[in-house]
Amino acid sequence: MDSNQNQQGMFDITVEQAKLLGSSQRVKIIGSLTDTPKTAKQVADELGESPGSIHYHIQKLYDGGLIDLVETRTVGGIVEKYYKSKAKWFNTTGPQSLDPALADNYNAVSSTKIQLRLQLTEEEREELAKDFRSLLEKWVKKTIAAKDDSKEYAIGVNLVSTEEASDK
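Calculation criteria
Residues numbered from 1 in each chain as written. Predicted model: local features only at pLDDT ≥ 70, side-chain atom pairs only at ≥ 80, totals over all residues. Heavy atoms only, no water. Axes fitted to C-alpha atoms, helices over the stretch in contact; angles between N-to-C directions. Helix = DSSP H or I, 4+ residues; strand = E, 2+ residues; numbered from the N terminus. Parallel < 35°, antiparallel > 145°, perpendicular 65-115°, else oblique. Contact = heavy atoms within 4.5 Å. Nonpolar A, V, L, I, M, F, W, Y, C, P; charged D, E, K, R; others polar. UniProt positions renumbered as here; feature names shortened; annotations may be inferred. Buried < 20%, exposed > 50% of the residue type's maximum accessible area, 1.4 Å probe, protein only. Arc of directions from axis to C-beta. Polar contact = N/O pair within 3.5 Å; in protein donor to acceptor, adjacent residues only side chain to side chain. Pairing = 2+ DSSP bridges. Core = buried A, V, L, I, M, F, W, Y, C linked by side-chain atoms within 4.5 Å. Patch = residues over 30% accessible without salt bridge, like charges linked within 9 Å, V, L, I, M, F, W, Y side chains within 5 Å. Areas by Shrake-Rupley, 256 points an atom, 1.4 Å probe, with all protein chains shown as cover. Salt bridge = Lys/Arg side-chain N within 4 Å of Asp/Glu carboxyl O. Lys, Arg positive; Asp, Glu negative; His and termini not counted. Charge placed at Lys NZ, Arg CZ, Asp CG, Glu CD.

Time to look at the packing of helix H2 (residues 24-32) against helix H4 (residues 51-63). Here H2 crosses H4 at 80°, and the two axes come no closer than 10 Å. It follows from the interaxial angle that H2 and H4 lie roughly perpendicular. Contact with H2, carried on its side by Gln25, Arg26, Ile29 and Ile30, involves Ser53, Ile54, Tyr56, His57, Ile58, Lys60 and Leu61 of H4 and no other residues of that element. In the contact of H2 with H4, the residues fall into 6 nonpolar, 3 polar and 2 charged.

Moving on, we come to the UniProt feature "coiled-coil region" (unreviewed entry) in the chain. Here, the residues flagged by UniProt with the feature "coiled-coil region" (unreviewed entry) are residues 111-138. When the span residues 111-138 is considered, its composition is 61% helix and 0% strand, and the gap between its end C-alpha atoms is 21 Å.

With that settled, the discussion passes to helix H3 (residues 40-47). All of the buried residues along H3 are Ala40, Val43, Ala44 and Leu47. For H3, the angular spread of buried residues about the axis comes to 100°, placing them on one side. Residues of H3 that are buried sit in contact with H2, H4 and strand E3 (78-85). Phi turns positive one or two residues past the end of H3, at Gly48, with a value near 70°.

Glancing now at H2. Along H2, the residues classified as buried are Gln25, Arg26, Lys28, Ile29, Ile30 and Ser32. Check the buried side of H2 and you find it contacts helix H1 (15-20), H3, H4, strand E2 (67-75), E3 and strand E4 (90-91). The N-cap of H2, judged by a side-chain oxygen 3.2 Å from the amide nitrogen of Gln25 a few residues on, is Ser23.

Bridging between E2 and E3 involves 8 bridges; their strand directions are antiparallel. Its bridge partner being in E3, Thr72 is matched across the sheet by Lys81. Taking the residues that link successive antiparallel strands as the turn, the E2-E3 hairpin has 2 residues, and the phi of Gly76 there is positive, at about 60°.

Ile29, Ile54 and Ile58 are the most contacted members of the largest nonpolar core, which has 20 residues in total. Looking at this core, the elements that each hand over two or more residues are H1, H2, H3 and H4. Here this core takes 4 residues from H3, the largest share from any one element. Each residue touching Ile54, except ones within four places of it in the same chain, is listed here: Gln25, Ile29, Ala40, Val43, Ala44, Leu47 and Glu49.

Moving on: a negative patch on the surface. A cluster of acidic residues, Glu123, Glu124, Glu126, Glu127 and Asp131, forms a negative patch on the protein surface. Structurally, the position occupied by Glu124 is in helix H5 (residues 122-142).

Applying the stated criterion across every chain, the model contains 6 salt bridges. Among the ionic pairs, Lys86 bridges to Asp68, the shortest N-O distance being 3.6 Å. You can see Lys86 sitting in the loop between E3 and E4 and its partner Asp68 sitting in strand E2, a full 18 residues away along the chain. Its relative accessible area of 28% is what places Lys86 among the partly exposed residues. Between Glu71 and Arg73 there is a salt bridge, and its shortest N-O distance comes to 2.7 Å. Overall, Glu71 belongs to the partly exposed group, its relative accessible area being 34%.

This is how it looks when you write it as structure tokens:
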């Protein structure tokens, strides 16, 4: 297991790395590169975007350590670089809001806030977190191809115990 991989299979990242994921375009790219290594051209074709734009975002994700270059092939004098995401899910810790659009003081055109409390066992908490990840994966796949009338939305799920951690 990678040193940044935690017990739930999530890849632990820094705030700087998390900022790279503050774009639906980059989240879609990560989604495209999760299971199968692909070139920037292949990702661009899948997402219906220009290869130049996708190459730019892939380079930023690679430089930020969120994707790996897993293979280089030369085909007809052209170098093809195949990239793969380091993980399907990324995790950050700390009090800082990683996506400014999810901050309470963000001036959004529209917003839906959903909050509630549940009484859960540890196993139920893990199942709930898994269900949320599955739901979000479904929507990333569903929205992979850009639509002209679509708008970008930020979604944050924060599943926390109401018991305060003791200082040790």
